[in-house]
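Below are the chains, spelled out letter by letter.
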Amino acid sequence: MVILVTGSNGLIGTEVCEYFASEGHEIVGVDNNQRAKFFGEGGDTTWNRQRLNEEYSSYSHENIDIRDREDVERTIHEVAPDAIVHTAAQPSHDLAAQIPYDDFDVNAVGTLNLLESTRQYVPEAPFVHLSTNKVYGDAPNRIPLVELETRWEYEDPDYKEGIPESFTIDQSKHSLFGASKAAADLMVQEYGNYFGLQTCCLRGGCLTGPNHAGVELHGFLSYLVKCNLVEETYTIFGYKGKQVRDNIHSLDVAKFAHEFIEAPRSGEVYNIGGGKGNSCSILEAFQKVEEITGKDMRHEYDDESREGDHICYYSDLSKAKSHYPDWDITVDLDEIFRQIVKGWDERLSG
């Protein structure tokens, strides 16, 4: 197959490129390093593009901006991909408030550009969209919680396995990022439900892995590990550091994309995170990284939580597993930490 991957030099995009290239497929990566413009030098992904070009002869690169409708149309028309995995995004809900036009144009309009070009030129191509759990806004915070020693946990037994896809996305505070991603999410569903395209939205939890260029505004675990290794102070924003995230390795996201491409559906939505088994709070993450590196975690506390932030969130994976029973989490939380530490060690020493 020829697979077009947007955001090909970011965390998930890189993993998707490597995964499908190793399976013998031709990859066309679309990425204009917008992450460096959003987050500065720390977000630069040039090293990832160079690595993909060096290691995979089947990888070719298109340096285009998905906001440019003509370039998107030209690329999809010329490449005629057999499948599209759309991972490009402005990914920070904090930064979105500072750059609302850029955020919406990348996340919502860029997605529409890709969808319409897909409909016009390759309507049979499966379209996998990396959405986000922020489409649920802060509505998960309405679920009754119990405070434990190191984390918050759901008190309501209906959510013992996490948040399902049926959870409301309406009438809550999303952040502008969450709203722009919700707009994209709905359009991806609509191109499936209305036009019959084979589309799905993957509403990710904490997507992570060793190739993440984590910064304070985006990349929870990667940035936390980097702070520990270089002995910088990590700021906890509210909730006593007990806020919970479920962490999924980028490889397991790529594997799910593969499952969907092999057996696509129209207008589907899946919550894709680490589930309860791969969840941890910030305080628990401190403990894990300290055990690996032997370094104390320097941190400070800011009582003001981030706008629209989740107190406790982990994904109910039952729908994803029922539709694709060959898929499951293969990289556990401890291994995720080990790989991220190793990845930063290599980059910082290199």
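The rules we used
Residues numbered from 1 in each chain as written. Predicted model: local features only at pLDDT ≥ 70, side-chain atom pairs only at ≥ 80, totals over all residues. Heavy atoms only, no water. Helix = DSSP H or I, 4+ residues; strand = E, 2+ residues; numbered from the N terminus. Rg over C-alpha atoms; globule rule 2.2 N^0.38 Å. Buried < 20%, exposed > 50% of the residue type's maximum accessible area, 1.4 Å probe, protein only. Contact = heavy atoms within 4.5 Å. Core = buried A, V, L, I, M, F, W, Y, C linked by side-chain atoms within 4.5 Å. Expected span 1.5 Å × (residues − 1). Arc of directions from axis to C-beta. Polar contact = N/O pair within 3.5 Å; in protein donor to acceptor, adjacent residues only side chain to side chain. Salt bridge = Lys/Arg side-chain N within 4 Å of Asp/Glu carboxyl O. Phe/Tyr/Trp six-rings, centres within 6.5 Å; stacked < 30°, edge-to-face > 60°. Lys NZ or Arg CZ within 6 Å of the ring centre and 35° of its normal. Axes fitted to C-alpha atoms, helices over the stretch in contact; angles between N-to-C directions. Parallel < 35°, antiparallel > 145°, perpendicular 65-115°, else oblique. Left-handed = near helix turned anticlockwise from the far one by under 90°. Nonpolar A, V, L, I, M, F, W, Y, C, P; charged D, E, K, R; others polar.

### So, the overall build of the protein chain
Part 1: Helix and strand content of the protein chain: 12 helices and 14 strands.
Part 2: Here the protein chain has a C-alpha radius of gyration of 19 Å; the compact-globule value for 350 residues is 20 Å, and the two agree.
Part 3: Considered along the principal axes of its C-alpha atoms, the protein chain spans approximately 55 × 45 × 40 Å.
Part 4: Taking all 350 residues of the protein chain together, the buried fraction comes to 57%.
Part 5: Considering only residue pairs separated by 6 or more positions, the protein chain has 84% of its internal contacts joining residues 24 or more positions apart.

### Observations regarding the nonpolar core
Part 1: Counting 33 residues, the largest nonpolar core has Leu202, Tyr270 and Ile272 as the members making the most contacts within it.
Part 2: For this core, the elements supplying multiple residues, two or more each, are strand 1 (2-6), helix 1 (11-22), strand 4 (83-86), strand 5 (127-132), strand 8 (199-204), helix 9 (250-262) and strand 12 (268-272).
Part 3: Examining the composition of this core, we find that 7 residues originate from one element, helix 1, more than from any other.
Part 4: If near-sequence neighbours (up to four positions away) are discounted, Leu202 is found in contact with Val128, His129, Leu130, Ser131, Thr132, Val253, Phe256, Tyr270 and Ile272.

### Re helix 12 (residues 333-349)
Part 1: For helix 12, spanning 17 residues, the distance from its first C-alpha to its last is 24 Å, which sits close to the expected 24 Å at 1.5 Å a residue.
Part 2: For helix 12, the set of buried residues is Leu333, Ile336, Phe337, Ile340, Val341, Gly343 and Trp344. Axial view of helix 12: buried residues confined to an arc of 165°, hence all on one face. Those residues of helix 12 that are exposed and angled more than 90 degrees off the buried face are Lys342 and Ser349.
Part 3: Capping the start of helix 12, Asp332 holds a side-chain oxygen 3.3 Å from the backbone nitrogen of Asp334, two or three residues further along.

### Observations regarding the pattern of salt bridges
Part 1: Enumeration over the complete set of coordinates arrives at 23 salt bridges.
Part 2: Salt-bridge contacts for Glu335 lead to Arg338; the nearest nitrogen and oxygen are separated by 3.1 Å. Note that Glu335 and Arg338 are positioned in helix 12 at a spacing of 3 residues, about one turn of the helix.
Part 3: A salt bridge links Lys342 to Glu346, with the nearest nitrogen and oxygen atoms 2.6 Å apart. Remark: Glu346 and Lys342 occur in helix 12; sequence separation between them is 4 residues, near one turn of the helix.

### What to know about the packing of aromatic side chains
Part 1: Applying the stated criterion across every chain, the model contains 16 aromatic pairs.
Part 2: Their ring planes at 80° and their centres at 5.3 Å tell us that Phe256 and Tyr324 sit as a pair that is edge-to-face. With Phe256 in helix 9 and Tyr324 in the loop between helix 11 (318-323) and helix 12, the pair connects residues that are 68 residues apart, well separated along the chain.
Part 3: For Tyr324, a relative accessible area of 3% puts it in the buried group.
Part 4: Judged by centre distance (5.9 Å) and plane angle (70°), the rings of Tyr270 and Tyr324 are edge-to-face. Remark: Tyr324 occurs in the loop between helix 11 and helix 12 and Tyr270 occurs in strand 12; sequence separation between them is 54 residues. Considered together, Tyr270 and Tyr324 belong to a single accessibility category, that of buried residues.
Part 5: Among the aromatic residues, those joined into a ring-pair cluster are Tyr136, Tyr154, Tyr159, Phe167, Tyr313 and Tyr314.
Part 6: Stacked on the ring of Phe195, the Lys or Arg Arg119 has its end atom at 4.1 Å from the ring centre.
Part 7: If you follow Arg347 out to its NZ or CZ, it ends over the ring of Trp344, 4.1 Å from the centre.

### Topic: the environment of Cys280
Part 1: With respect to the element layout, Cys280 can be found in strand 13 (residues 279-281).
Part 2: Accessibility expressed as a relative area gives 1% for Cys280, which makes it buried.
Part 3: Residues within four places of Cys280 in sequence aside, it is in contact with Arg151, Gln243, Val244, Arg245, Asn247, Ala285 and Leu333.

### Observations concerning the packing of helix 10 (residues 282-293) against helix 12
Part 1: The interhelical angle for the contact between helix 10 and helix 12, taken along N-to-C directions, is 55°, at an axis separation of 10 Å. Judged by the inter-axis angle, helix 10 sits oblique to helix 12. Note on packing geometry: the crossing formed by helix 10 with helix 12 is right-handed. Across from Ala285, Lys288, Val289, Ile292 and Thr293 in helix 10, the residues of helix 12 making contact are Leu333, Asp334, Phe337, Arg338 and Val341.
Part 2: Considering only residue class, the contact of helix 10 with helix 12 consists of 6 nonpolar, 1 polar and 3 charged.

### A few points about the environment of Gly273
Part 1: Relative to the elements of secondary structure, Gly273 occurs in the loop between strand 12 and strand 13.
Part 2: Relative accessible area serves as the criterion here: at 0%, Gly273 is assigned to the buried category.
Part 3: Taking the C-alpha atoms as reference, Gly273 lies 9.8 Å from Thr208; in sequence the two are 65 residues apart.
Part 4: If we ignore the near neighbours within four places in the chain, the residues touching Gly273 are Gly205, Asp246, Ile248, Ser315, Leu317 and Ile329.

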